[in-house]
Amino acid sequence: MSRPRKRSFTIRGHRTSLSLEEPFWDSLREIAKARGLAVAALVTEIDAARGGASLSGAIRVHCLDFYRRGGESGAPVRAGGTAA
């Protein structure tokens with residue numbers, strides 16, 4: 001398993017850092033491309049839909065759900081696995 005890599009984003013005017021394993025960063029880029037979004041825009045959508053979950057956890061769930069749905073683009077998924 002790869003070690004988490006940290007990257008920084010600005011979400012709603014606030015700078016934040018995320019630590020994810022490289023396969024999740026790869027997935028996030030693929031999902032953003034499939035949806036015609038920048039990675040930062042996708043992270044912002046996931047952040048808005050995450051409820052009380054951590055952002056990194058919400059991103060992992062979003063990536064998992066995207067591939068479980070066969071790569072269908074759509075709304076961000078809440079940490080519990082439901083569409084936002």
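Look up: the structure comes first, before these words.
Residues numbered from 1 in each chain as written. Predicted model: local features only at pLDDT ≥ 70, side-chain atom pairs only at ≥ 80, totals over all residues. Heavy atoms only, no water.

1. Things to note about the pattern of salt bridges
Two side chains bearing opposite charge may form a pair once their charged atoms approach each other closely. This model, assessed by the stated rule, comprises nine salt bridges. The partner of Glu22 in a salt bridge is Arg5, and the shortest N-O contact between them spans 3.2 Å. Taken together, the residues span a long stretch of sequence, with Glu22 in helix H1 (residues 22-35) and Arg5 in strand S1 (residues 5-11) at a distance of 17 residues. Taken together, the shared-partner salt bridges connect Arg5, Arg7, Glu22, Asp26 and Arg29 into one network. (Salt bridge = Lys/Arg side-chain N within 4 Å of Asp/Glu carboxyl O. Helix = DSSP H or I, 4+ residues; strand = E, 2+ residues; numbered from the N terminus.)

2. Details of helix H3 (residues 55-68)
Taking 1.5 Å as the rise per residue, H3 with 14 residues should run 20 Å; its terminal C-alpha atoms sit 20 Å apart, in good agreement. Listed in full, the buried residues belonging to H3 are Leu55, Ser56, Ala58, Ile59, His62, Cys63, Asp65 and Phe66. Summarising the contacts, the buried residues of H3 are in contact with S1, strand S2 (14-20), H1 and helix H2 (39-49). Looking at the residues trailing H3, positive phi occurs at Gly70, about 80°. (Expected span 1.5 Å × (residues − 1). Buried < 20%, exposed > 50% of the residue type's maximum accessible area, 1.4 Å probe, protein only. Contact = heavy atoms within 4.5 Å.)

3. What about the packing of aromatic side chains?
A full pass over the atoms with the stated rule returns two aromatic pairs. Ring centres of Phe9 and Trp25 lie 6.0 Å apart, and the angle between their planes is 25°; this geometry places the pair in the stacked category. With Phe9 in strand S1 and Trp25 in helix H1, the pair connects residues that are 16 residues apart, well separated along the chain. For the pair shown, Phe9 and Trp25 are each scored as buried. Looking at Arg7, its charged tip hangs above the ring of Trp25, at a distance of 4.7 Å from the centre. The lysine or arginine in question, Arg60, covers the ring of Phe24, its NZ or CZ lying 5.6 Å from the ring centre. (Phe/Tyr/Trp six-rings, centres within 6.5 Å; stacked < 30°, edge-to-face > 60°. Lys NZ or Arg CZ within 6 Å of the ring centre and 35° of its normal.)

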